[in-house]
Amino acid sequence: MTARLRRMRWWDIPACHALEERLFTADPWSQPLFWSELAGVPETRHYVIATQDEQVVGYAGLRAVTGEADVQTIAVAPGHQRAGVGALLLTELVDEAGRRGCRTVTLDVRADNEAARRLYARFGFETLAVRSNYYGPGLDGVVMRRG
């Protein structure tokens, strides 16, 4: 069965937060941060979730301001990685950036997350810079841009 996308709503925050804590153990977003991000929808933010059998299997968010967009977050549950969910989410964010007239889309990704970096490269993202220790001691971040 394929995942389906829909707009993230406030009642999705607990499931998204649980997935966040599972995936990003070093520095997960808090529930208030998710609330804060959703407060910017639709003016400067766009958040979606991927569901399968009524369960959240991924989520993603975009910030778009003055013609530039930034992927705020993208996450896929371990049992659904490498099954097209990440590509589905990223396609939605890139499309939304286009609908909003954004010329570029940027993102940060952990340097050691090869699967995500390959996905982003497939979508035309190129490496701009490396941020030393961005995700913590010894965990570099890579800045990537499309457009």
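Residues numbered from 1 in each chain as written. Predicted model: local features only at pLDDT ≥ 70, side-chain atom pairs only at ≥ 80, totals over all residues. Heavy atoms only, no water.

Trainee: How would you sum up the overall build of the protein? Please name residues and give values.
Mentor: A count of helices and strands for the protein gives four helices and seven strands. Listing the helices and strands of the protein from first to last along the sequence gives β-α-α-β-β-β-α-β-α-β-β. Its C-alpha radius of gyration of 14 Å places the protein within 12% of the 15 Å reference for a compact globule of 147 residues. The C-alpha extent of the protein, read off along each of the three principal axes, is 40 × 35 × 30 Å. The buried share among the 147 residues of the protein stands at 42%. Taking contacts inside the protein between residues at least 6 apart in sequence as the whole, the part at least 24 apart equals 56%. Summed over its atoms, the accessible surface of the protein is roughly 8200 Å², and 49% of this surface lies on carbon and sulfur atoms. In the protein, 18 side chains carry a positive charge and 18 a negative one; their mean positions are 4 Å apart. (Helix = DSSP H or I, 4+ residues; strand = E, 2+ residues; numbered from the N terminus. Rg over C-alpha atoms; globule rule 2.2 N^0.38 Å. Buried < 20%, exposed > 50% of the residue type's maximum accessible area, 1.4 Å probe, protein only. Contact = heavy atoms within 4.5 Å. Areas by Shrake-Rupley, 256 points an atom, 1.4 Å probe, with all protein chains shown as cover. Lys, Arg positive; Asp, Glu negative; His and termini not counted. Charge placed at Lys NZ, Arg CZ, Asp CG, Glu CD.)

Trainee: Can you explain the sheet that holds strand β4 (residues 68-76)? Please cite residues and give values.
Mentor: Read from one edge to the other, the open sheet built from seven strands follows the order β1-β2-β3-β4-β5-β7-β6, with strand pairing classed as mixed. Edge strands, defined here as strands with exactly one partner in the open sheet, are β1 (4-7) and β6 (126-131). Going across the sheet, the axis of each strand differs from the next one's by a mean of 25 degrees, ignoring polarity. Strand direction decides the pairing type here: strand β5 (residues 104-110) and strand β7 (residues 141-146), joined by six bridges, are antiparallel. Each bridged residue has a counterpart across the sheet, and for valine 109 the counterpart in β7 is valine 142. The sheet strands contacting helix α1 (residues 13-23) are β2 (45-52), β3 (55-65) and β4, and the helix crosses β3 at an angle near 90 degrees. (Pairing = 2+ DSSP bridges. Axes fitted to C-alpha atoms, helices over the stretch in contact; angles between N-to-C directions.)

Trainee: Which residues make up the nonpolar core, and what values do they have?
Mentor: The biggest cluster of nonpolar side chains holds 29 residues, and the ones touching the most others in it are Val71, Leu89, Leu90, Tyr120 and Phe125. Mapped onto this core, the elements with two or more residues apiece are β2, β3, β4, α3 (85-99), β5, α4 (114-122) and β7. Each residue touching phenylalanine 125, except ones within four places of it in the same chain, is listed here: Leu90, Val94, Val105, Leu107, Tyr120, Met144, Arg145 and Arg146. Core analysis: the next-biggest nonpolar cluster, separate from the first, contains twelve residues, Cys16, Tyr47, Ile49 and Tyr59 among them. (Core = buried A, V, L, I, M, F, W, Y, C linked by side-chain atoms within 4.5 Å.)

Trainee: Summarise the packing of α1 against helix α2 (residues 31-38); cite the residues concerned and give the values.
Mentor: Two elements in contact, α1 and α2, have axes separated by 10 Å at closest approach and are oriented at 125 degrees. One finds that α1 runs oblique with respect to α2. Crossing hand, α1 versus α2: right-handed. Together, Ile13, Pro14, Cys16, His17 and Glu20 of α1 and Gln31, Phe34, Trp35 and Leu38 of α2 make up the contact between the two elements. A class-by-class count of the residues in the contact of α1 with α2 yields six nonpolar, two polar and one charged. (Parallel < 35°, antiparallel > 145°, perpendicular 65-115°, else oblique. Left-handed = near helix turned anticlockwise from the far one by under 90°. Nonpolar A, V, L, I, M, F, W, Y, C, P; charged D, E, K, R; others polar.)

Trainee: Describe the environment of threonine 44, listing the residues and the values that go with them.
Mentor: Position of threonine 44 among the secondary structure elements: in the loop between α2 and β2. Taking C-alpha positions, threonine 44 is 9.2 Å from alanine 69, a pair spaced 25 residues apart along the chain.

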